[in-house]
Each structure stands twice: as structure tokens, then as C-alpha cells.
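Chain residues, written in single-letter form:
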Amino acid sequence: MAADATAAQVTPWEVRGGAEGGIDYDKLVEQFGCSKIGPELIARVERITGKPAHPFLRRGVFFAHRDLEQVLDLYEKGVPFYLYTGRGPSSEALHLGHLVPFLFTKYLQDAFKCPLVVQLTDDEKAIWKNLDIDESKRLARENCKDIIACGFDPRKTFIFSDFNYMGGAFYENIVKVGRCVTFNQTKGIFGFEGNTHIAKVAFPPVQAAPSFPTSFPHMFGDRKDIRCLIPCAIDQDPYFRMTRDVAPRIGYQKPALIESSFFPALQGDNGKMSASNQTSAVFVSDTPKQIKTKINKYAFSGGQSTVEEHREKGANLDVDVPFKYLGFFLEDDARLQQIGEEYSSGRMLTGEIKAILIEVLQKLVAEHQEARSKVTDEIIDQFMSVRNFEFEELFK
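Because the structure is a prediction, the values reported are computed rather than measured. (Residues numbered from 1 in each chain as written. Predicted model: local features only at pLDDT ≥ 70, side-chain atom pairs only at ≥ 80, totals over all residues. Heavy atoms only, no water.)

Novice: How should I be thinking about the overall build of the chain in this particular structure?
Specialist: Scanning the chain from terminus to terminus reveals 20 helices and 9 strands. For 396 residues, the compact-globule estimate of 2.2 N^0.38 gives 21 Å, and the C-alpha radius of gyration of the chain, at 21 Å, lies within 12% of that figure. The principal-axis extents of the C-alpha atoms in the chain amount to approximately 65 × 50 × 45 Å. The buried share of the chain, reckoned over its 396 residues, is 52%. By sequence separation, contacts in the chain at least 24 residues apart represent 77% of the contacts at least 6 residues apart. (Helix = DSSP H or I, 4+ residues; strand = E, 2+ residues; numbered from the N terminus. Rg over C-alpha atoms; globule rule 2.2 N^0.38 Å. Buried < 20%, exposed > 50% of the residue type's maximum accessible area, 1.4 Å probe, protein only. Contact = heavy atoms within 4.5 Å.)

The structure is reproduced here in C-alpha cells:
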């Protein structure tokens, strides 16, 4: 049966809203079989870590999970876990949506004092985007600078590119996973078809392998008791549903996940952020002037057509991109609430909320660019080198 062209589409490679715009996250949670994060779980994270929850957690940006309670149970008993996240390097610079999982992962590393592995899937982008392999590897190092600029601890962080790290125990786990998944199963999970080339079919085990601690013997030795927690956007869930199904069959624990909603394009929920479309997103390489122009010119407004109508009806916060972006990057909860009340009542105009957002984003991007400018080739090599980590130091 042909897919409904008007329905929302959420896969690891494509995200678009349905005919009515936006993504129904409740429906997605039900469809994928994950669980929503409630206030009790957020309070438990705060109690265990002794730190306030990250705004992304408080405000429901990271809203769903798999087995997070189990990870917290083990953590309270002194059983460590590690973090795994990744980036597919297809552009010179990250946009703000790419930054979200790394900012949250930085919070998790600091709050739980745990190690992190970051997979740069330069092979995936060569496969799906048909990038030249050398170019894909170059972009991986460029993106690595942006990741390091988020402030990760080099004593606890290993960043690797698939092209460079493939082999040894990592490849052994890829083979173990691959033997457990049939082509028919990949068709059901990922939508592969008869004309899908085999490089794509072979890739899912590559993204699964970092979920297992034995893929990193220089960090964890041969220990299998260290659980993995994966912060990612919910479109990556199919990869890890497959991984979780396979894990006990090959002697490993299932990875746990904490999953985020999608960062909207400047044009709103029906738009799509693309590295090839500079007007669809704010990039971490943008100048203050470019940020101001993009927000003023392209950020979709939920305000009314005229000042008079806006004063009467107020803004629709559900579709307003400037307010949504402030929900990600304005740290002050009280001020965010005040802006929402002022704007939705009509007392604040679209130009005023856009001016607030421009100031917030210019500061965020300038600080990121300053941190990135200090990332040398030597620092990249340090993070990406296969070095022996002091196991006890990883969890302090």
C-alpha cells in the first residue's frame, strides 16, 4: 500500500509534519513503544544528582525514554553507566538543532560524572549523501570542533569516526548484531526495499555497536555490566529498538534511551532544516548580522496580521518559532513564562519577541564560536586518539 503523502513522516533520515503541520508526539510514543518522562522522573534525576534539571528536561524537550528508571536504579547502587551519542557529518558547521543533543549530553556528563563516546558516522553520510569519502572524513573533523566546543571532559570522552575506528572488538560487535537481523526485519524497521543498495542495509549494526561497552576495550576492558544511556532525537529510535531486541541474544544489556522532540526549522513545523538551505536554520558559524536577518526575515510568527488584531487576539504560541526557540535557549524560566503571557495576550508584539530571541542567540553563538576557536588539531587528536583511560577516573 502506498504511503499517505499527507501523513507525518518520522524516520532516521526524514522528518516532516503531516498535512495539519507538526508531529503528534503522543502518537509517536505509542507507535514506538517508549515511555514519556513525567515530573516524578525529573524530580528523581534532580535528587540523585543534586543538581537542577536541565531546561531541556524541565520543559519537555527531552520527553521520552526507554529504561531510564533502570539506569537510575543501578546508579544509586553504585553501578556505573556511560553515555553514547553521535553526529552524521554532512555540513561544515552545525545548526542549532544539531547542538541540542550535545548541550544536553554535556549536562548529563557533568551531573552523573560519567564517560561519553561520540560516534561520527562519516561512513553513513558517504552512503546516504553520496559524499566523497575524503570529504566526509574532513567534515567529521570539522564537526568534531563544534562538539568539543560544548565543553566535554577529555579525561572521560572518546570521539571517533567510523572510517578510522572500525575494526577489532568494535567490528566484532557489528558482526554479532548483523547476524541477528534479517533483511526482512530491516525492511520493516527502516523501510529498506529491493533497490536499496547493500551499504545502507549493512549500516544499522554500525550505529548499534557503540551501545555495548566491549566495543571500547581501551575504556572499559572486557566488562559487560556497564549500562549505556543514549541521548538522541526520537527519530533515531528505530536503530535502538533493533539494538535492544538483539542485545540479550548476544550477551549484552539493552541500551537505555532518553529522547528529544525535534528542533523546528525557521519556517515552522512544516519547514525542514537543511544544511544546504541556509535560510532554514541558524548555524553556529553565523555572524550576529546573519542571525538578526534570519530571525527577522524567516522565523515564522504566530502573531496576527496587524497590530490592532494582535493587540486584540494575541499570538499563537503553539506555532510561533521565536517563542519555541526561546523555550530551548532562554534559561530563565520566570522570564520565559512572562514573555509567553505578554506575547499571547497581545501586550508584546512580534518584533519585540524577535528582538529578545536575536539577543539570546547572538550571545549563544558568539560564546560557541569563541570556544571553537580554541580547539586546535592537537586537541581534536587528543579526543579522537585510542588511548587507555583510567577506569576509576571515568566515573569521578
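Novice: Would you explain a nonpolar patch on the surface in this entry?
Specialist: Together, Met166, Tyr171 and Val175 make up a nonpolar patch on the protein surface, roughly 250 Å² of accessible area in all. Inspection of the secondary structure puts Val175 in helix H9 (residues 168-178). (Patch = residues over 30% accessible without salt bridge, like charges linked within 9 Å, V, L, I, M, F, W, Y side chains within 5 Å. Areas by Shrake-Rupley, 256 points an atom, 1.4 Å probe, with all protein chains shown as cover. Salt bridge = Lys/Arg side-chain N within 4 Å of Asp/Glu carboxyl O.)

Novice: Would you explain the pairing of strand S4 (residues 62-66) in this entry?
Specialist: Consecutive residues of a regular strand have side chains that alternate between opposite faces of the sheet. Within S4, 5 of the 5 residues are buried, which leaves it mostly tucked inside the rest of the structure. Examined bridge by bridge, strand S3 (residues 35-36) and S4 share 2 bridges and lie antiparallel to one another. Opposite Ser35, over in S4, you have His65 as the bridge partner. (Pairing = 2+ DSSP bridges.)

Novice: Is there a simple way to explain the sheet that holds strand S8 (residues 227-233) in this structure?
Specialist: The strands making up a sheet are joined through hydrogen bonds of the backbone, oriented either antiparallel or parallel. Reading across the sheet, the 7 strands line up as S3-S4-S9-S8-S5-S6-S7 and stay open at both edges, with mixed pairing between neighbours. What marks the edges here is a single partner per strand, and that holds for S3 and strand S7 (157-161). Relative to strand S6 (residues 116-120), strand S5 (residues 81-87) runs parallel, the two being bridged by 5 bridges. Bridging from a neighbouring strand, Tyr84 pairs with Val117 of S6. Across the sheet, helix H7 (residues 133-148) touches S5, S6 and S7, and the angle it forms with S6 is around 150 degrees. Along the sheet, helix H14 (residues 237-246) contacts S4, S5, S8 and strand S9 (256-260); its crossing angle with S9, the most-contacted strand, is approximately 170 degrees. (Axes fitted to C-alpha atoms, helices over the stretch in contact; angles between N-to-C directions.)

Novice: Would you take a moment to explain the state of the cysteines for this structure?
Specialist: Note on terminology: a disulfide is the covalent bond linking the sulfur atoms of two cysteines. This structure, assessed with the given rule, holds 0 disulfides. Between Cys114, a cysteine without a disulfide, and Cys228, which holds the nearest cysteine sulfur, the sulfur-to-sulfur distance is 10 Å. (Disulfide = S-S within 2.5 Å.)

Novice: Just checking my understanding: could you explain helix H2 (residues 39-49) for this structure?
Specialist: It helps to recall that an α-helix has 3.6 residues per turn; residues three or four apart then point in one direction. For H2, every residue scored as buried is listed here: Leu41, Ile42, Arg44, Val45, Ile48 and Thr49. Taken end-on, H2 shows its buried residues confined to a sector of 160 degrees, consistent with a single buried face. Residues of H2 that are exposed and point more than 90 degrees away from the buried face comprise Pro39, Glu40 and Arg47. Gly50 sits one or two residues past H2 and shows a positive phi near 70 degrees. (Arc of directions from axis to C-beta.)

Novice: Could you clarify how one ought to interpret the packing of helix H17 (residues 321-329) against helix H19 (residues 350-373) in this entry?
Specialist: How two helices sit against one another is set out by the angle between their axes and by the gap between those axes. Contact pair H17 / H19: the axes reach a minimum separation of 10 Å and the direction vectors enclose 35 degrees. Crossing of H17 against H19: the hand is left-handed. Between H17 and H19, the residues in contact are Pro322, Phe323, Tyr325, Leu326 and Phe329 and Ile353, Lys354, Ile356, Leu357, Val360, Leu361 and Leu364, respectively. Along the lines of polarity and charge, the residues of the contact of H17 with H19 split into 11 nonpolar, no polar and 1 charged. (Left-handed = near helix turned anticlockwise from the far one by under 90°. Nonpolar A, V, L, I, M, F, W, Y, C, P; charged D, E, K, R; others polar.)

Novice: Explanation requested: the side chain of Ser161 in the structure shown.
Specialist: Mapped onto the elements of the fold, Ser161 is located in strand S7. Within the structure, the side chain of Ser161 is placed 3.1 Å from the side chain of Asp122, a separation counted as a polar contact. (Polar contact = N/O pair within 3.5 Å; in protein donor to acceptor, adjacent residues only side chain to side chain.)

Novice: Is there a simple way to explain the packing of aromatic side chains in this structure?
Specialist: Here a ring pair, both rings aromatic, is described through the centre-centre distance and the interplanar angle of the planes. Applying the stated criterion across every chain yields a total of 30 aromatic pairs. With 5.3 Å between their ring centres and 70 degrees between their planes, Phe158 and Tyr165 make a pair best called edge-to-face. On the basis of relative accessible area, Tyr165 is assigned to the buried category, the value being 13%. Each ring, one from Tyr165 and one from Phe170, has its centre 5.3 Å from the other, and the planes form 55 degrees; the classification is tilted. Sitting over the face of the ring of Phe32, Arg241 holds its NZ or CZ atom 4.6 Å from the ring centroid. (Phe/Tyr/Trp six-rings, centres within 6.5 Å; stacked < 30°, edge-to-face > 60°. Lys NZ or Arg CZ within 6 Å of the ring centre and 35° of its normal.)

Novice: Help me understand the pattern of salt bridges in this model?
Specialist: Side-chain pairing between opposite charges can occur once the charged atoms of the two side chains come close. For the structure shown, the criterion picks out 27 salt bridges. Put simply, Glu142 and Arg372 hold a salt bridge, and the shortest N to O gap is 3.2 Å. Residue Glu142 is found in helix H7, and its partner Arg372 is found in helix H19; the two are separated by 230 residues along the sequence. The exposure class of Arg372 is partly exposed, given its relative accessible area of 22%. A salt bridge links Arg347 to Glu342, with the shortest nitrogen-to-oxygen separation between them at 3.1 Å. One salt-bridge network, held together by shared partners, links Arg44, Arg47, Asp73 and Glu76.

Novice: Would you explain the side chain of Arg44 in this entry?
Specialist: Checked against the element boundaries, Arg44 lands in helix H2. Since its relative accessible area comes to 16%, Arg44 is described here as buried. Among residues more than four places away in sequence, those in contact with Arg44 are Glu69, Leu72, Asp73 and Glu76.

Novice: Quick question: what am I supposed to make of unusual backbone geometry here?
Specialist: Trans is the common state for peptide bonds, and a negative phi is the common state for residues other than glycine. One non-glycine residue, Asp67, lies in the positive phi region at around 65 degrees. Relative to the helices and strands, Asp67 is located in the loop between S4 and helix H4 (68-76). Taking relative accessible area as the criterion, Asp67 reaches 18% and is therefore assigned buried. Phi at Lys113 takes a positive value of approximately 50 degrees, unusual for a residue other than glycine. Mapping Lys113 onto the fold places it in the loop between helix H5 (96-112) and S6.

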